[in-house]
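Chain by chain, the residues run as shown.
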Amino acid sequence: MAEPLESAARPVDGERKNTGEPNGPALPPPPYLGRTVHIVGPVANVDMNQSPHPKNQRGELGKALFNLQHNTISRDPLTRVSAPNHFNDRRQFLTTVVNQPGKGKVNPSAVQVGDPAAMTRHIKAVARSMGADVVAIAPAHADFMYASARRYVQDGAAADDYEKSSPTELVKRFPYLIVATTAWDYDKLQAHRHHIGDAAYHVSQMKGVLILKALEGYVKELGYTALRGVCNPQAAGLASGVGELGRNGLLINKKFGARIHMPDPILTDLPLVPDEPVDIGVEDFCKICRKCAINCPTNSITFDNKEVFNGVEKYKINWLTCYKLRPYTHEHWGSCLTCATVCPFTKPNVWWRSLAVWALSTCPIPARPALVHLLKAIDDRFWGVARQTRVRWLGYDSGIKPGEHACTVAGCNASHEGAAAPGKVVGNMGYYAPLKENTNRFVKRGD
Amino acid sequence: MALRLGLLKIPWPKERSAKDPYWDYFIHTPPADRANSVVEMIRNAPEGNVFPNKADLHSPEITSSHVKEMARYVGADLVGIARLEGDSDAYPFAVVCAVRANYDPRAALGIGGQVPVQNGLFVTFVLSAWIRELGFRATAAPHGAAESLAAAAGLGKLNGEGRLETPQFGSCVHVADIIRTDLPLAADG
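What counts, and where the lines are drawn
- Residues numbered from 1 in each chain as written.
- Chains lettered and ligands numbered in written order.
- Predicted model: local features only at pLDDT ≥ 70, side-chain atom pairs only at ≥ 80, totals over all residues.
- Heavy atoms only, no water.
- Phe/Tyr/Trp six-rings, centres within 6.5 Å; stacked < 30°, edge-to-face > 60°.
- Buried < 20%, exposed > 50% of the residue type's maximum accessible area, 1.4 Å probe, protein only.
- Lys NZ or Arg CZ within 6 Å of the ring centre and 35° of its normal.
- Helix = DSSP H or I, 4+ residues; strand = E, 2+ residues; numbered from the N terminus.
- Pairing = 2+ DSSP bridges.
- Contact = heavy atoms within 4.5 Å.
- Axes fitted to C-alpha atoms, helices over the stretch in contact; angles between N-to-C directions.
- Buried area = accessible area lost by both parts, 1.4 Å probe.
- Salt bridge = Lys/Arg side-chain N within 4 Å of Asp/Glu carboxyl O.
- Polar contact = N/O pair within 3.5 Å; in protein donor to acceptor, adjacent residues only side chain to side chain.
- Nonpolar A, V, L, I, M, F, W, Y, C, P; charged D, E, K, R; others polar.

## What to know about the packing of aromatic side chains
The final tally for this structure, using the stated rule, is 10 aromatic pairs over all chains. Between Phe87 of chain A and Phe93 of chain A, the ring centres sit 5.6 Å apart and the planes meet at 35°, which makes this aromatic pair tilted. For the pair Phe87 of chain A and Phe93 of chain A, one class covers both residues: buried. Of the aromatic side chains, those joined through ring pairs into one cluster are Tyr218 of chain A together with Trp23, Tyr25 and Phe26 of chain B. Here the basic side chain of Arg326 of chain A rests over the ring of Tyr323 of chain A, its NZ or CZ set 4.4 Å away from the ring centre. Here the guanidinium or amino end of Lys347 of chain A rests over the ring plane of Trp383 of chain A, the centre of that ring lying 4.2 Å away.

Structure below.
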């Protein structure tokens, strides 16, 4: 399969064999990731098997979380078909079907790519035609890669011919990353920490996984290799200009704010033209805002400055406390999403939002703090510091308090046997689970 | 193609392939290895079990509206419910979903030409799994008379060639797999 991979337009890199050059000249310069994240020291490649989900699968995070992952069937039918665990039957969950290692072969007759720019436009149009909301190309860099021979793909190990290659060898041979992703629904997200917000998150995630798998298949059909489970998606997202990294540890996109998924990107040797990191003012905004830190139910988001972790300077969240809330709340929701929802960048994708982002990104950097204060004041005034929006969808209603049961669907004359007495819905307020008093029992709040 | 603004139709540049030299390959070249097609993956996946406890349902009209809302949320452009007569598995209802198709998937066999099928399978897989999780039987499968069922479900009318004509997209639609179910619904049309 090596020969068809050759193409006239591929960036010349002399050798095609993976020699790895252990005593090669100098390390490549650290990648530029925009203003929010700086690589300041040597970066150890992340071992995916030491990340939260695999740790929990092995039971290293305690019994409660282990049971949550393995032995908990959700009471909510929609969660049982859309969330990555808590299902009753794995076969009902589309991601188990779609997110297996791709078994298709690379097409032996490769499409010749004369103009990488045209191919880049094509791949982006392809991803959009399949329903991707955001698509961008990142230049691959060894620092982004996961530790070699330790691939991890949800629902099965990545099995490909390059599993033993070191990160340097991989990026030499496969210089580009295709980042394609979906955004989730703004209105449903307002009922975050609720099944409605879960639906917004999980359904768009399934769609994103499907699109990436289809795109992976298409790259192979074009006659080029497409590898999965090799790269840190956030690094690829930063390098390709999908967004900037916020205080909440999420990528913040120009159009959608923090409500985009960061699924596993595709590493490929298809000749493409990479995009560049963007500056939409997240750096200046996060320095001042702290809205996500105030709203986080577990105080997992820092109020302080950035710190250096594994050679990367960024805002670091406390993933363990974020994780440990989950067993207490799984009856009410699966994905918290509070930090994504309250982020002032997370708004419907409409003209006034584009105007604000345009103003911020064209404003000279020294003048930005003043503009940020203004925009944040507007956000606090109209969207609230802590929001309680009531959302109704498919008979779900976030105006019903957690633990109570009621049918608030207009015109429903079903008897609803088995349901408790109708709960009272007061005003137009949405409720989150857990309520603050419950959270305070196990979260230590500073000062 | 044309952009439709109520009664007005504005001609819209359709031919992407004029600017994109690879577009035709995307739409029309069938995959060399069918395992590269997501459509195949989903079609070959086994069906899950019906959840043992039936969910507490609303009245049939409201359940129907919820099923339709869910279908639209997962990506169906058109959705309707038809009553089935004499179904071999005694299913009383068919949920018919249709998605917009710029290319007819029966003629355009490339990965791009099959994108409507892919979108339709996403809808029918999630929707039928959801109905099974509600505790009712549901099967999504290709159906011989899909287009006439779509007409029966009020999605549009059949034209002279037996193809579905919809008011929204004309004949540029792909009728997805038919979901047959015994969930208590109210039929359209």
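Now, onward.
## Topic: unusual backbone geometry
Positive phi, close to 55°, is recorded for Asn310 of chain A, a residue that is not glycine. As for its position among the elements, Asn310 of chain A is in the loop between strand S8 (307–309) and strand S9 (312–314). The residue Ala90 of chain B is not glycine, and still its phi comes out positive at about 60°. Mapped onto the fold, Ala90 of chain B is located in the loop between strand S3 (78–83) and strand S4 (93–100). Relative accessible area serves as the criterion here: at 57%, Ala90 of chain B is assigned to the exposed category.

## What about the sheet that holds strand S7 (residues 266–268) of chain A?
Residues and elements named next belong to chain A. Spatial ordering of the open sheet is given by S2-S3-S7-S4, a layout of 4 strands whose pairing is antiparallel. In this open sheet, the two strands that pair with only one neighbour each are strand S2 (134–139) and strand S4 (226–227). For S2 and strand S3 (residues 176–181), the ladder comprises 6 bridges, and the chain directions are antiparallel. Across the sheet, residue Val134 finds its bridge partner in S3, namely Thr181. Where helix H5 (residues 116–129) meets the sheet, it contacts S2 and S3, and its direction lies at approximately 145° from that of S2.

## Side note on the interface of chain A and chain B
Between chain A and chain B, the residue contacts involve 57 residues of the former and 44 residues of the latter. Overall, the association of chain A and chain B removes approximately 4,400 Å² of surface from exposure, summing both partners, and the carbon and sulfur fraction of that is 65%. The three residues of chain A that bury the most area against chain B are Arg91, Gln92 and Leu394 of chain A, which together make up 15% of that side's buried surface. Counting every contact that joins chain A to chain B gives 1 salt bridge. There are 17 residue pairs in polar contact (both at pLDDT 80 or more) connecting chain A and chain B. Among the secondary structure elements, those contributing two or more residues to the side of chain A that touches chain B are helix H3 (77–82), helix H4 (94–98), H5 and helix H8 (195–221) of chain A. Among the elements that line the side of chain A that touches chain B, the one with the most residues is H8 of chain A, at 12 residues. The residue makeup of the side of chain A that touches chain B, split by class, is 31 nonpolar, 13 polar and 13 charged.

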